[in-house]
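The lines below spell out each chain.
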Amino acid sequence: MRPIIKIENMGKQYRLGARPAPRATLRDALTGAARAPLNLLSRRKQAAPFWALRDVSFEVMPGEVVGVIGRNGSGKSTLLKILSRVTKPTTGAAELYGRAGSLLEVGTGFHPELTGRENVYLNGAILGMKRDEIRRRFDEIVAFAEVEQFLDTPVKHYSSGMYVRLAFAVAAQLDPEILIVDEVLAVGDTAFQQKCLGKMSEAARGGRTVIFVSHNMAAVDNLCGRAVVLDAGRVAFAGTQREAISHYLAGTSLSALSTLDERADRTGTGAVRVSALETRDTLGRPLAAAAAGQDVDICFHYEAAPNFNRTGVVAGFMVRTQFDVPVFLQHNRLTRDELGPLPRSGAFVCRIRRLPLAPATYRIGYSIMCDGEYLDRVDDAGELTVVEGDFYGSGEVPPASHGCCLVDAKWRLEVGARPSPEGKNSREAAGSRA
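This structure is a prediction, so every number in the text was calculated from the model and none was measured.

(A) Spatial organisation of the sheet that holds strand 17 (residues 360–370). The strand order across the open sheet built from 5 strands is 12-18-17-14-15, with neighbouring strands paired in mixed fashion. Strands at the two margins of the open sheet, each flanked by one partner only, are strand 12 (290–291) and strand 15 (326–331). Sheet topology note: the strand 12/strand 18 (residues 373–387) ladder contains 2 bridges and is parallel. For Ala290, the partnering residue across the bridge sits in strand 18 and is Val386.

(B) Structural context of empty space enclosed by the protein. Within this structure, the stated rule accounts for 1 cavity of 30 Å³ or more. The space that makes up the largest cavity amounts to roughly 30 Å³. In terms of lining residues, the largest cavity is bounded by Val65, Met200, Ala204, Val210, Phe212 and Leu223. For the lining of the largest cavity, the secondary-structure elements that each account for two or more residues are helix 7 (190–205) and strand 7 (209–213). Among the residues making up the lining of the largest cavity, the classes are represented as 6 nonpolar, no polar and no charged.

(C) A look at the packing of aromatic side chains. Applying the stated rule across the entire model yields 6 aromatic pairs. Centre to centre, the rings of Phe300 and Phe317 are 5.6 Å apart; their planes meet at 40°, and the pair counts as tilted. With Phe300 in strand 13 (residues 296–304) and Phe317 in strand 14 (residues 313–320), the pair connects residues that are 17 residues apart, well separated along the chain. Across this residue pair, the class does not change: Phe300 and Phe317 are buried. Between the aromatic rings of Tyr302 and Phe348, the centroid separation amounts to 4.7 Å while the plane-to-plane angle is 25°, which identifies the pairing as stacked. Here the residue Tyr302 occupies a position in strand 13, and Phe348 occupies one in strand 16 (residues 345–352), the gap between them amounting to 46 residues.

(D) Geometry of the pattern of salt bridges. Across all of its chains, the model carries 21 salt bridges by this definition. Here Arg363 and Glu383 are joined by a salt bridge, their closest N and O atoms 2.6 Å apart. One end of the pair, Arg363, is in strand 17; the other, Glu383, is in strand 18, with 20 residues separating them in the sequence. Looking at Glu383, the relative accessible area reads 42%, which means it is partly exposed. Several salt bridges converge on common partners, so that one network encompasses Arg310, Asp371 and Glu373.

(E) A look at the sheet that holds strand 11 (residues 272–280). Ordered in space as 10-11-13-16, the 4 strands form an open sheet in which the pairing is antiparallel. One side of each edge strand has no neighbouring strand; the edge strands of this open sheet are strand 10 (257–259) and strand 16. Strand-to-strand, the axes of this sheet are offset by a mean angle of 20°, without reference to chain direction.

(F) Representation of the pairing of strand 14 in the model. Strand 14 sits mainly inside the fold: 6 of its 8 residues count as buried. Bridge analysis of strand 14 against strand 17 gives 8 bridges, and the strand direction is antiparallel. Its bridge partner lying in strand 17, Phe317 is registered against Tyr366. Two strands pair when backbone bridges link them, and strand 14 and strand 15 are joined in this way by 5 bridges, in the antiparallel orientation. From the neighbouring strand, Val319 faces strand 15, where its bridge partner is Phe328. Adjacent in sequence and paired antiparallel, strand 14 and strand 15 are bridged by 5 residues, among which Asp324 carries a positive phi angle near 65°.

(G) Representation of the environment of Phe328. Among the secondary structure elements, Phe328 is positioned in strand 15. C-alpha of Phe328 to C-alpha of Met318: the two residues are 10 residues apart in sequence and 6.0 Å apart in space. Residue contacts for Phe328: discarding those within four places in its chain leaves Phe317, Met318, Val319, Ile352 and Leu357.

(H) Just the pairing of strand 9 (residues 234–240), in detail. Pairing analysis gives 6 bridges linking strand 8 (residues 226–231) to strand 9, with the strands arranged antiparallel. Its bridge partner being in strand 9, Asp231 is matched across the sheet by Arg234. Counted along the chain from strand 8 to the antiparallel partner strand 9, the turn is 2 residues long, and its residue Ala232 has a positive phi close to 55°.

(I) Molecular detail of the packing of helix 4 (residues 116–126) against helix 6 (residues 160–171). Here helix 4 crosses helix 6 at 40°, and the two axes come no closer than 10 Å. When the axes of helix 4 and helix 6 are compared, the pair comes out oblique. Between helix 4 and helix 6 lies a crossing whose hand is right-handed. Where helix 4 approaches helix 6, its residues Gly116, Val120, Asn123 and Gly124 are matched on the opposing element by Leu166, Ala167 and Val170. The residue inventory of the contact of helix 4 with helix 6, partitioned by class, reads 4 nonpolar, 3 polar and no charged.

Criteria and thresholds
Residues numbered from 1 in each chain as written. Predicted model: local features only at pLDDT ≥ 70, side-chain atom pairs only at ≥ 80, totals over all residues. Heavy atoms only, no water. Pairing = 2+ DSSP bridges. Helix = DSSP H or I, 4+ residues; strand = E, 2+ residues; numbered from the N terminus. 1 Å grid on protein atoms, 1.4 Å probe; cavity = no way out; pocket = protein on both sides within 12 Å on 5 of 7 lines; lining within 4 Å. Points joined across faces, edges and corners; volume = space filled by probe spheres on them. Nonpolar A, V, L, I, M, F, W, Y, C, P; charged D, E, K, R; others polar. Phe/Tyr/Trp six-rings, centres within 6.5 Å; stacked < 30°, edge-to-face > 60°. Buried < 20%, exposed > 50% of the residue type's maximum accessible area, 1.4 Å probe, protein only. Salt bridge = Lys/Arg side-chain N within 4 Å of Asp/Glu carboxyl O. Axes fitted to C-alpha atoms, helices over the stretch in contact; angles between N-to-C directions. Contact = heavy atoms within 4.5 Å. Parallel < 35°, antiparallel > 145°, perpendicular 65-115°, else oblique. Left-handed = near helix turned anticlockwise from the far one by under 90°.

Right, dumping it as structure tokens:
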């Protein structure tokens, strides 16, 4: 099968500080000749080349949903602008074998003095829709945007949420073979974001090819089958969406390691001392941030005294919110995992399956014990940063303000169900005892 998108050795160069020369008069020409040596030096300093993309190559097959992730400034938006034919590449080529529609900047082309109704037709025309097509889908656009009451009001009086809803509602009516989407989920409230996700899922199920840029890891995990990680304009990784997310999180600029050698607030005998706290993925790569629902390893690197030969060591840690509210406690006695005799150095590693925490930053405190005695303990040893991940497989994760724990559950409907007699009798018995 032939790819529907083929990118080969593509690069995009800009010249920083370069500006088109204004139309010069005779006086400007004479003045410019006198200043030519200084101007040349100034241009050399200002118009430095900058590669927004460099040697980018990958293919997308028909019907695939591919995510593009990376830090700000990594080249994601430049890539999509080239795919959308907004700008041309400096080197290489990007070939698209199908009609493409783009959602790059929601609301581009809206005129603030025109009403919502007029802007629907204006923006639809800009996006390539015919007037009859807009008229046919007009009611659907208004219903999606939920702005019917304000349809004949100039959009300059709209709130930012109303503006974005109407703009996306128009753009969502595009029916191309290739849909190119840039971070539309970063705006609007939670309900609107879920409607956007629904539209994306509908496009994917309909067999359209989707290129999706987002910082929302839950959305990328839920919608995409593959993902590309961009870093400083180059492809740093390409693979399954979960591998790509793990690679991206491992490469963030935050520190994944908390060193503890100099901590003076520790307690215990010191027979075993934890030197560093680290979070890693299941491949052993350090994670500066973990995604909700991701398998992670919490590692406590330690050194033991030369004469320490006791068994029965219990390593544990407590996770708390930033407001010092306990979230959960974990230690190897709970899981009946015997650690055995300790080597002189190593790491206590606790694997948490499907990290059940809402996106937030949490505090970790640890303790190492043996026979009821503390060997080492630090109550505030480091941080665990959790970002959005697809814990439920729905692309939706509740915020930490609604509770920090995510519970693996399954709902069902029982038709005609009634309280069981046993439950009723037990409540009546409890009441009589009282």
